[in-house]
Protein chains: 2
Amino acid sequence: MDIRTSNLTNVKSTVHFSCISNQHRSHLTTKPKPTTVKMSSMTKTHNPHPYWASLHADIEAHLKHSLTIKEPLVVFEPMHHYIFTAPKTTVPALCLAACELVGGQRHHAISAASALLLMESATYTHEHLPLTDRPGPKPGPVINHVYGPNVELLTSDGIAPFGFELIARSDGGENSERILRVMVEISRAMGSGGVIEAQYRKALDGGSVGEEMCHVEGIRRVVEKYEGGLHACGAVCGGVLGGGCEEEIERLRKFGFYVGIIQGMIKRGFKEDKEVDEARNLALEELQFFKDKEVDAIKTFLNI
Amino acid sequence: MDIRTSNLTNVKSTVHFSCISNQHRSHLTTKPKPTTVKMSSMTKTHNPHPYWASLHADIEAHLKHSLTIKEPLVVFEPMHHYIFTAPKTTVPALCLAACELVGGQRHHAISAASALLLMESATYTHEHLPLTDRPGPKPGPVINHVYGPNVELLTSDGIAPFGFELIARSDGGENSERILRVMVEISRAMGSGGVIEAQYRKALDGGSVGEEMCHVEGIRRVVEKYEGGLHACGAVCGGVLGGGCEEEIERLRKFGFYVGIIQGMIKRGFKEDKEVDEARNLALEELQFFKDKEVDAIKTFLNI
């Protein structure tokens, strides 16, 4: 796959720098040591890195502060359950990391990062909702359905608006335009041209028995819209809220997209694939633009 | 029921004026003539009023302009279907009417009104989703499931973020704070303390075989959070975007709430109930505050 020419609605520019040196490559192939950070939900994240763990801890603390369990308990207890038990991704953490990279402070992007976590947990719950056209359990991790299907549906339907509320009221009146921009980015990434399109494609591909090439192509397209689009969105939101300039924001969009491609392809068993290596190189090229800044932290998102 | 003392999170003040004159009452009990406005989706609205029909027509035109059918068709065709076939309510129209009442122009609130229509259509679709714990068809209108359950779920999941996107990008940079405020209002009305809570209550009440009094009380609480909360939200959004002052906005919140109570109770067979009359009186009291303005148009929302 030539990632550069694929159909990416989120990546506007097609300009690319030349490949980076082997020095960077060798840095990247060094695996991070297994972390011993103790955090219940983090243990579900694949290979959690101490930096991501620290970012996740801040996001979870913000969410727990914002979402106290209150009346009606019948609504808020399942909401807590689904938010804090869904598998974590690096999307919210990448949002904070991007904010810090462009010189912002973590708290500038904490609501957007929390909203991204909320949206992802709602999506995950709906993906595992027992519908009448989804007979029997699927292959993969066993889902513990603590509540009934109706509660699963309703709870997730309540989580997404709460995410938007969290961002909309995070502004003290100074950054309202940035906040609106972030809301458009998140709406698009989660919506019919983003995650929803990926889910459609996944559902459609699931039933077909095409050639393997078609299958791989299908997976790639799902990953582009799903993990690619979400990580691009996370990075852009952090860049916008951290006060990055347009060029920085667009570099971050591409960097995030490649991070998502790497994560999505590896998750689906393409770890040794040359496309993953290519995406890693392209991601590092984008970071070259930030060479005067502290890029080591955000680079860890390539270490999976 | 004393509506004034009920537990309304959206109605902050408990101050009420004295009852209005019978002159207003007689005006209200005059039924509007059946309209002959030709509009496919309007025919599904109960007793459509020409003023509402005009507002709905503008909202649908705005939505059709904003939501062209494009690739991927597999996503956008069902989206169109669910948006334009769900039964219409007066919530979006009330948003525009409130905007006009406080001196705003219709276009100021058209995106928020469209977003409300989107959210309601998504909610309606999810309410009729065939889940494994909802065996068999329910009593009530027969739902034509044109697409499979998975597509119904995904499409509605895509409609809600599009609603938020529509509002977030409606601003030319001058009204971003008002827009954020509207987004918080909509998030809360649709979320876990609003429509979702009402849906939970409805689901819980559905299985119980309590006394009739409990049943009526249950219905009332559902109506408060559902139709009450949504109409309050619609009216507030219109007031905010039309440039209303705080007092006007809070009066509109209460007016909208009472409109919703009337509509919700009548829809559930309580047309002759004294509570409906009481809500109508309270709604008219709120309108007294706007006596220097043109209130005839918004008063038509009480004529059902």
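Refer to the structure printed above.
Residues numbered from 1 in each chain as written. Chains lettered and ligands numbered in written order. Predicted model: local features only at pLDDT ≥ 70, side-chain atom pairs only at ≥ 80, totals over all residues. Heavy atoms only, no water.

A. Spotlight on the side chain of Glu 286 of chain B. Note that Glu 286 of chain B resides in helix α11 (residues 274-288). Among the polar contacts made by the side chain of Glu 286 of chain B, one reaches the side chain of Arg 251 of chain B at a distance of 3.2 Å. (Helix = DSSP H or I, 4+ residues; strand = E, 2+ residues; numbered from the N terminus. Polar contact = N/O pair within 3.5 Å; in protein donor to acceptor, adjacent residues only side chain to side chain.)

B. Broad picture of the relation of the copies chain A and chain B. When chain A is fitted to chain B, the best match, at an RMSD of 0.0 Å, comes from turning it 180 degrees and sliding it 0.0 Å along the axis. Such a combination of turn and shift is consistent with a two-fold rotation axis. Residue Leu 131 of chain A of chain A places its C-alpha closer to the rotation axis than any other residue of that unit, at 2.4 Å. A share of 100% of the interface residues of chain A reappears at the interface of chain B, consistent with the copies meeting face to face through the same patch. (Least-squares fit on C-alpha atoms with pLDDT ≥ 70 in both. Contact = heavy atoms within 4.5 Å.)

C. Layout of the interface of chain A and chain B. The interface of chain A with chain B comprises 46 residues on the first partner and 46 residues on the second. Between chain A and chain B, roughly 4100 Å² of surface is buried when both sides are summed, and carbon and sulfur atoms account for 70% of that area. The largest share of the area that chain A buries against chain B comes from Leu 154, Leu 180 and Tyr 200 of chain A, three residues that together contribute 17% of it. Along the contact surface separating chain A from chain B lie two salt bridges. (Buried area = accessible area lost by both parts, 1.4 Å probe. Salt bridge = Lys/Arg side-chain N within 4 Å of Asp/Glu carboxyl O.)

D. Region of interest: the packing of aromatic side chains. Residues and elements named next belong to chain B. Overall, the coordinates contain 11 aromatic pairs over all chains when judged by the stated rule. A centroid spacing of 6.3 Å and a plane angle of 80 degrees characterise the contact between Tyr 51 and Phe 301, whose relative ring orientation is edge-to-face. A residue pair is termed long-range when its members are at least 10 positions apart, and Tyr 51 in helix α2 (residues 50-66) and Phe 301 in the segment after α12 (296-299) qualify at 250 residues. Under the relative-accessibility criterion, Tyr 51 is labelled buried at 15%. (Phe/Tyr/Trp six-rings, centres within 6.5 Å; stacked < 30°, edge-to-face > 60°. Buried < 20%, exposed > 50% of the residue type's maximum accessible area, 1.4 Å probe, protein only.)

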